[in-house]
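Coordinates in review
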Amino acid sequence: MKPVPHATSLRRAPVQRRSAERLTRILDACADLLDEVGYDDLSTRAVAQRAAVPIGSVYRFFGNKREMVDALAQRNLERYSERVTRRLREAGDGGWREAMDAVLDEYLEMKRTAPGFSLVDFGNQIPVGARHAEPNHRVADRLTELLSGSLDREPDEELRRVFLVAVETADTLVHLAFRVAPEGDQQIIEEMREMLRAYLARVLD
């Protein structure tokens, strides 16, 4: 199983600082509008208005709203990786169980608080309601890179496969928890945590 390349939907990468700041405003506006109107009613024109940029600025980066939401999903993954990395650095050598808690807790926090994340997350819900495997491969690859050093394990195919199974399992159960309760049903989340610990213990202990 080969790592899946990180997706990019940008027509043109920002070079100057002003251009990068404009792209950030566009993606921030996209995230806010996803929470307000949903994917179906999202439009590039509405995003341009919310971001206070000309519509041409949106099309400079994206050909359509799907590409824009893809880029938001990729930014979500980058921000999630940064949060997990910071959490692991603060925790020190707490073992794989503490690392797993960091991975899960940071995902749940983004699910609850990050604009647009509940609809898009890392791309699994694009278009909303669809479930695609590729984003979970990217997440598993990223976690393999982030955690292999902390676990003193080679980032090999076995570890990547283990993380992919864990990510797919967590993805399904987190969506169940948030269908049951707006903030995520705590009992389902704890059942998921125990299930993941039991599965990972076979390989990581």
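This text follows the structure it describes.
Report follows, based on the coordinates. (Residues numbered from 1 in each chain as written. Predicted model: local features only at pLDDT ≥ 70, side-chain atom pairs only at ≥ 80, totals over all residues. Heavy atoms only, no water.)

Considerations on the environment of Arg 179
Take Arg 179: it is sitting in helix H8 (residues 157-180). Exposure remark for Arg 179: the relative accessible area of 61% places this residue in the exposed category. (Helix = DSSP H or I, 4+ residues; strand = E, 2+ residues; numbered from the N terminus. Buried < 20%, exposed > 50% of the residue type's maximum accessible area, 1.4 Å probe, protein only.)

Details of the pattern of salt bridges
Two side chains carrying opposite charge are able to pair once their charged atoms lie near each other. Counting across every chain of the model gives 19 salt bridges. For Asp 101, the salt bridge goes to Arg 193, with nearest N and O atoms at 2.9 Å. Of the two residues, Asp 101 sits in helix H5 (residues 95-113) while Arg 193 sits in helix H9 (residues 186-204), which places them 92 residues apart along the sequence. Like Arg 193, Asp 101 is buried. In this structure, Glu 157 and Arg 160 form a salt bridge, with 3.0 Å as the shortest nitrogen-oxygen distance. Placement of the pair is Glu 157 and Arg 160 together in helix H8, with a separation of 3 residues, close to one helical turn. Given a relative accessible area of 34%, Glu 157 falls into the partly exposed group. Owing to a relative accessible area of 10%, Arg 160 belongs among the buried residues under this scheme. Where salt bridges share partners, they join Arg 83, Arg 87, Asp 101, Asp 105, Glu 106, Glu 190, Arg 193, Glu 194 and Arg 197 into one cluster. (Salt bridge = Lys/Arg side-chain N within 4 Å of Asp/Glu carboxyl O.)

Structural notes on helix H2 (residues 44-51)
Taken residue by residue, H2 has Thr 44, Val 47, Ala 48 and Ala 51 as its buried positions. Buried residues of H2 fall within an arc of 100° about the axis and therefore sit on the same side. Away from its buried face by more than 90 degrees, H2 exposes Arg 45 and Gln 49. Against helix H1 (17-37), helix H3 (55-61) and helix H4 (65-91) lie the buried residues of H2. Ala 52, located one to two residues past H2, shows a positive phi value of around 60°. (Arc of directions from axis to C-beta. Contact = heavy atoms within 4.5 Å.)

A few points about unusual backbone geometry
Among all residues save glycine, negative phi is the norm, and among peptide bonds the norm is trans. The phi torsion at Ala 52 lies on the positive side, around 60°, for a residue other than glycine. Secondary-structure assignment places Ala 52 in the loop between H2 and H3. We note that Asp 121 has phi near 40°; this positive angle belongs to a residue other than glycine. Examined against the element boundaries, Asp 121 turns out to sit in the loop between helix H6 (117-120) and helix H7 (134-147).

Remarks on the nonpolar core
Across soluble globular proteins, nonpolar side chains have a tendency to be buried as a group. Grouped together as the largest cluster of nonpolar side chains are 38 residues, with contacts concentrated most on Tyr 80, Leu 147 and Met 192. Among the secondary structure elements, those contributing two or more residues to this core are H4, H5, H7, H8 and H9. Per-element accounting of this core gives the leading share, 11 residues, to H8. Those residues in contact with Tyr 80 that sit more than four places away from it in its chain are Val 103, Glu 106, Tyr 107, Met 110, Phe 122 and Leu 143. If you look at the next biggest cluster of nonpolar residues, it comprises 23 residues, including Leu 23, Leu 42, Val 58 and Met 68. (Core = buried A, V, L, I, M, F, W, Y, C linked by side-chain atoms within 4.5 Å.)

These figures come from the coordinates and say nothing about function on their own.
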